[in-house]
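If you want the building blocks of each chain, they are given just below.
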Amino acid sequence: FTDRSFLGLAYQEERMARVQAFMAIEEILQAKDLARLAEVVQRQAAKMMKCQRGTMLFCDMQNNRIFRRKSAGSEGPLMNYDPRDGIAGYIAQTKIAIIANEAQKDNFFNPEIDDPNYKHGDYEAILGIPLIKGSIKGDGKGGLKAVLLVINKQNGTEFTNEDLQMFQYFGRMVAEIVDCGEVIENFNALQGTFKQLIGKSDDILANIDVTTGQHLQLKRTIGNLDHALGSSKILQR
């Protein structure tokens, strides 16, 4: 009877955690840009895992960097870090999740990267995961998108393998959203560049030595492309 009661309680806790994960994802989906998305992910991750705070760093391993995006409206530069530094950097390099219940003693720990709110001498427990696109399907072909950390359980207890499993479940969904956000951001940049080209098209075409029919066809083609980009529903939020 005792074993069954325990298993029933564990099942209910897992179900509740999954519901919380889906509720968190609902708010994350409302983020309008990647900087805002990171802020919401950090807050929701900490809330779901009942931790004091969270931190998220995007990964660009091709250019050998992990970084924080500037907050919406901020004029400051991206905050870039060497992926060989910090627990976050170790996760980015190895794509391995980490439970560090005494992170302040860990040789990899770098407060500037892992926890800007860390106060010297404090106890620091970190649970960290790589966000890899495709991990929902199990193929991981989309590559590493970011690293997500949560810091210090509110009740002061250590992180466990059960915490890690739940956090990874949440992380798999977040990775897909981050990937979509990057696609949208790249599309926005392309759209902006193309609109600049559209604005200069009359000057460009005026200097092209073509027949009137060819001139009109070029203008019509560019106009159609501009309309297609403007009416695209990918970015309608």
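As the structure is a computational prediction, the values presented were derived from the model and not from experiment.

A. Expanded view of the overall build of the protein. Of regular secondary structure, the protein possesses 7 helices and 6 strands. The proportion of buried residues among the 237 residues of the protein is 40%. For the protein, restricting intrachain contacts to residue pairs at least 6 apart in sequence, the fraction spanning at least 24 positions comes to 61%. Approximately 14300 Å² of the protein is accessible, and the part contributed by carbon and sulfur atoms is 52%.

B. Structural context of the sheet that holds strand β3 (residues 79–81). With antiparallel pairing, the 6 strands of this open sheet are ordered in space as β3-β2-β1-β6-β5-β4. Each edge of the open sheet is held by one strand with a lone partner, namely β3 and β4 (98–100). Each strand axis lies, on average, 25 degrees off the axis of its neighbour in the sheet, ignoring direction. When β4 meets strand β5 (residues 126–133), the two strands line up antiparallel, connected through 3 bridges. When the bridges of β5 are listed, isoleucine 99 appears paired with leucine 127. The sheet contacts of helix α2 (residues 34–48) involve β1 (51–60) and β6 (143–153), and relative to β1 the element is tilted by about 145 degrees.

C. Inspection of the pairing of β1 at higher detail. With 9 of 10 residues buried, β1 is to be regarded as a mostly interior element. As paired elements, β1 and β6 share 7 bridges and run antiparallel to each other. Looking at the pairing, phenylalanine 58 lines up with alanine 146 of β6. Two elements, β1 and strand β2 (residues 65–68), share 3 bridges in a ladder whose sense is antiparallel. Residue pairing for β2: phenylalanine 58 is matched across the bridge by phenylalanine 67. Counted between consecutive antiparallel strands, the loop separating β1 from β2 contains 4 residues, among which asparagine 64 sits at a positive phi close to 55 degrees.

D. The packing of aromatic side chains, seen in detail. One pass over the structure, following the stated rule, counts 4 aromatic pairs. Consider the rings of phenylalanine 109 and tyrosine 118, whose centres lie 5.1 Å apart with planes at 90 degrees: the pair is edge-to-face. Of the two residues, phenylalanine 109 and tyrosine 118, neither departs from the other in class, the shared state being buried. Ring plane angle 10 degrees and centroid distance 6.5 Å describe the contact between phenylalanine 167 and phenylalanine 170, whose orientation is recorded as stacked. One end of the pair is phenylalanine 167 and the other is phenylalanine 170, both in helix α5 (residues 161–199) and 3 residues apart, which spans about a single turn.

E. How the structure looks around the side chain of glutamate 124. Secondary-structure assignment places glutamate 124 in the loop between α4 (111–114) and β5. Taking the relative accessible area as the measure of exposure, glutamate 124 reaches 1% and is therefore buried. Dropping the residues within four chain positions of it, glutamate 124 is found in contact with Arg53, Ala100, Asn101, Glu102, Ala103, Gln104, Phe109, Asp115, Tyr118, Ile151 and Asn152.

F. Inspection of the nonpolar core at higher detail. Formed by 33 residues in total, the largest nonpolar core has its most connected members in Ile28, Leu37, Met56, Leu148, Phe167 and Phe170. Mapped onto this core, the elements with two or more residues apiece are α1 (2–28), α2, β1, β5, β6 and α5. The dominant element in this core, judged by the number of residues it contributes, is α5, at 10 residues. Setting aside residues up to four positions removed in sequence, isoleucine 28 forms contacts with Leu37, Val40, Val41, Gln44, Phe170, Val174 and Ile177. Among the nonpolar cores identified, the runner-up in size contains 20 residues, and Leu57, Ile91, Ile113 and Leu144 belong to it.

G. Structural view of the confidence of the model for the protein. Residues of the protein with pLDDT of at least 70 account for 62%, and the chain-wide mean is 77. Across the protein, element-level confidence peaks in β4 with a mean pLDDT of 97 and bottoms out in helix α6 (residues 201–206) with 54. Every residue in residues 1–9 is under pLDDT 50, and counting partners more than four places away or in other chains gives 0 contacts.

H. Summary view of unusual backbone geometry. The phi dihedral of asparagine 64 falls on the positive side, at around 55 degrees, and the residue is not glycine. On the secondary structure map, asparagine 64 appears in the loop between β1 and β2. Judged by relative accessible area, asparagine 64 falls into the partly exposed class, the value being 43%. The phi torsion at lysine 95 lies on the positive side, around 60 degrees, for a residue other than glycine. Residue classification places lysine 95 among the partly exposed positions, given a relative accessible area of 44%.

Reading the values: the criteria
Residues numbered from 1 in each chain as written. Predicted model: local features only at pLDDT ≥ 70, side-chain atom pairs only at ≥ 80, totals over all residues. Heavy atoms only, no water. Helix = DSSP H or I, 4+ residues; strand = E, 2+ residues; numbered from the N terminus. Buried < 20%, exposed > 50% of the residue type's maximum accessible area, 1.4 Å probe, protein only. Contact = heavy atoms within 4.5 Å. Areas by Shrake-Rupley, 256 points an atom, 1.4 Å probe, with all protein chains shown as cover. Pairing = 2+ DSSP bridges. Axes fitted to C-alpha atoms, helices over the stretch in contact; angles between N-to-C directions. Phe/Tyr/Trp six-rings, centres within 6.5 Å; stacked < 30°, edge-to-face > 60°. Core = buried A, V, L, I, M, F, W, Y, C linked by side-chain atoms within 4.5 Å. pLDDT = per-residue confidence, 0-100.

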